[in-house]
Amino acid sequence: MTHVYEAVVIAGGAARRLGGTDKPALTVGGRTLLDRVLDACADAARTVVVGPRRPTARPVDWTREEPPGGGPLAALDAGLRRTGSETVLVLSADLPFLTSATVRVLLDALCAAHGAGPGPEDPDGPTGPDGAIVDDGRAQPLLGAYRAESLRRELALLAAEYGHPANLPLRLLTDELALRRVVPARPEEARDCDTWEELSSARSRIREHGRVLNEWMTAAKAELGIDLDVDTAALLDLARDAAHGVARPAAPLTTFLVGYAAARAGGGPEDVAGAARKAAELARRWAAEAEGRERAGGSGEPRGGEGTDAG
């Protein structure tokens, strides 16, 4: 299912438990927390980041809450004013493991509920839910998809009652919404980084066996400005064949040449796969020749057997 939505990323706040540091600019796996969240919502029609301007890996719209540091409710109000879609994804900027998979879970939950309509005992009310949020034992309203109309309605009511949303608790809004609660695509995707210990844990986790290569490839592609699905297993097999069949230094040099050849051919996944196949076949031919030399005692020619004409 394809969703049309806009994203509001809350990237302000005082980060008191981090000593007031610029939390969204902290890195996990060489990428800022903000960029990691922006990658999860890369297909948003528009992304509005609420907070001080910072370098980002992709273009975004910037705005500030009033007053700066006025809290998540004021930030949500400021971000929402820059959007026009019926569906708005709201994210905090400190979710290092968030991926598009959980974003899809949220959008699917919201859209499916509206498409099906409420049942006779549906707590969402006559018009369906106002939003869908992640709840992994802890409700996370800054990890949710919402009907923009519902957010605007409640923000207007709060403005009428309190005058301005600055420094008001977010629950004043969320308590008035009918929210579907979903679990993330993977448990870790709901983990945030509010303390130095949590940041250190996140940095250690990405280096665990089984995920470090994927994390590294994602970071390297982002740094190089490459949007390409890479068959990591095929490239590793090629590097192994080049190292064993030719020489160890041939592994990185060969993968570089494959990338260069793929870029000249068009740069698509099929171009990478085609170049990798050619190089792998060449490496296997080199390996076969080496095996032949070993059998021949290193001469490179088959040894003459007994009874051959010595001349």
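Counting restarts for each chain: residues are numbered from 1 in the order of the written sequence. In keeping with the model being predicted, local features are shown solely for residues with a pLDDT of at least 70 and side-chain atom pairs are shown and tallied solely at 80 or more, while totals for entire chains, interfaces and linings include all residues. Derived side-chain values reflect all non-hydrogen atoms in the structure, with water molecules and hydrogen atoms excluded from consideration.

1. Brief notes about the nonpolar core
Among soluble globular proteins, nonpolar side chains are generally buried collectively.
Then, number 1: Residues Y5, L34, V49, L89, L106 and L143 are the most contacted members of the largest nonpolar core, which totals 29 residues.
Then, number 2: In DSSP terms, a helix is any run of H or I states spanning at least four residues, a strand is any run of E spanning at least two, and both are numbered starting from the N terminus. Contributions of two or more residues to this core are made by β1 (6–10), α1 (33–40), β6 (87–92), α3 (100–116), β7 (131–135) and β8 (139–147).
Then, number 3: With five residues, the single largest contributor to this core is α3.
Then, number 4: L76, L80, L155 and L173 belong to the second largest nonpolar core, which has 22 residues in total. Grouping buried Ala, Val, Leu, Ile, Met, Phe, Trp, Tyr and Cys residues that are joined through side-chain atoms within 4.5 Å yields what is termed a nonpolar core. We call a residue buried when its accessible area falls under 20% of the maximum for its residue type, exposed when it is over 50%, and partly exposed in between, using a 1.4 Å probe and counting protein chains only.

2. Examining the side chain of K23
Then, number 1: Residue placement: K23 occurs in the loop between β1 and β2 (27–28).
Then, number 2: In terms of polar contacts, K23 uses its side chain to reach the side chain of D194, at 2.9 Å.
Then, number 3: Discounting residues that sit within four places of it in the chain, K23 has contacts with A15, L18, L33, D94, C193 and D194. The term polar contact refers here to a pair of N or O atoms within 3.5 Å; inside protein, the definition further demands a hydrogen-donor-capable atom paired with an acceptor-capable atom, and it admits residues adjacent in sequence only when both atoms are side-chain atoms. Contacts are assigned to residue pairs that have any heavy atoms within 4.5 Å of one another.

3. Notes on helix α7 (residues 212–224)
Then, number 1: The terminal C-alpha atoms of α7 lie 18 Å apart, and with 13 residues this matches the ideal 18 Å at 1.5 Å per residue to within 8%.
Then, number 2: On its buried side, α7 packs onto β3 (31–32) and α1.
Then, number 3: With its phi angle positive at about 70°, G225 sits one or two positions after the end of α7. By this rule the span expected of a helix is its residue count minus one, scaled by 1.5 Å.

4. Overview of the pairing of β7
Then, number 1: For β7, the tally of buried residues reaches four of five residues, placing the bulk of the element in the interior.
Then, number 2: When DSSP finds two or more bridges between a pair of strands, those strands are recorded as paired. What sits between the antiparallel neighbours β7 and β8 is a turn of three residues, in which G137 has the positive phi angle 105°.
Then, number 3: Pairing of β7 with strand β9 (residues 179–182) involves four bridges; the strand directions are parallel. Bridged to A132 within β9 is R180.

The values reported here are purely geometric and, on their own, carry no functional implication.
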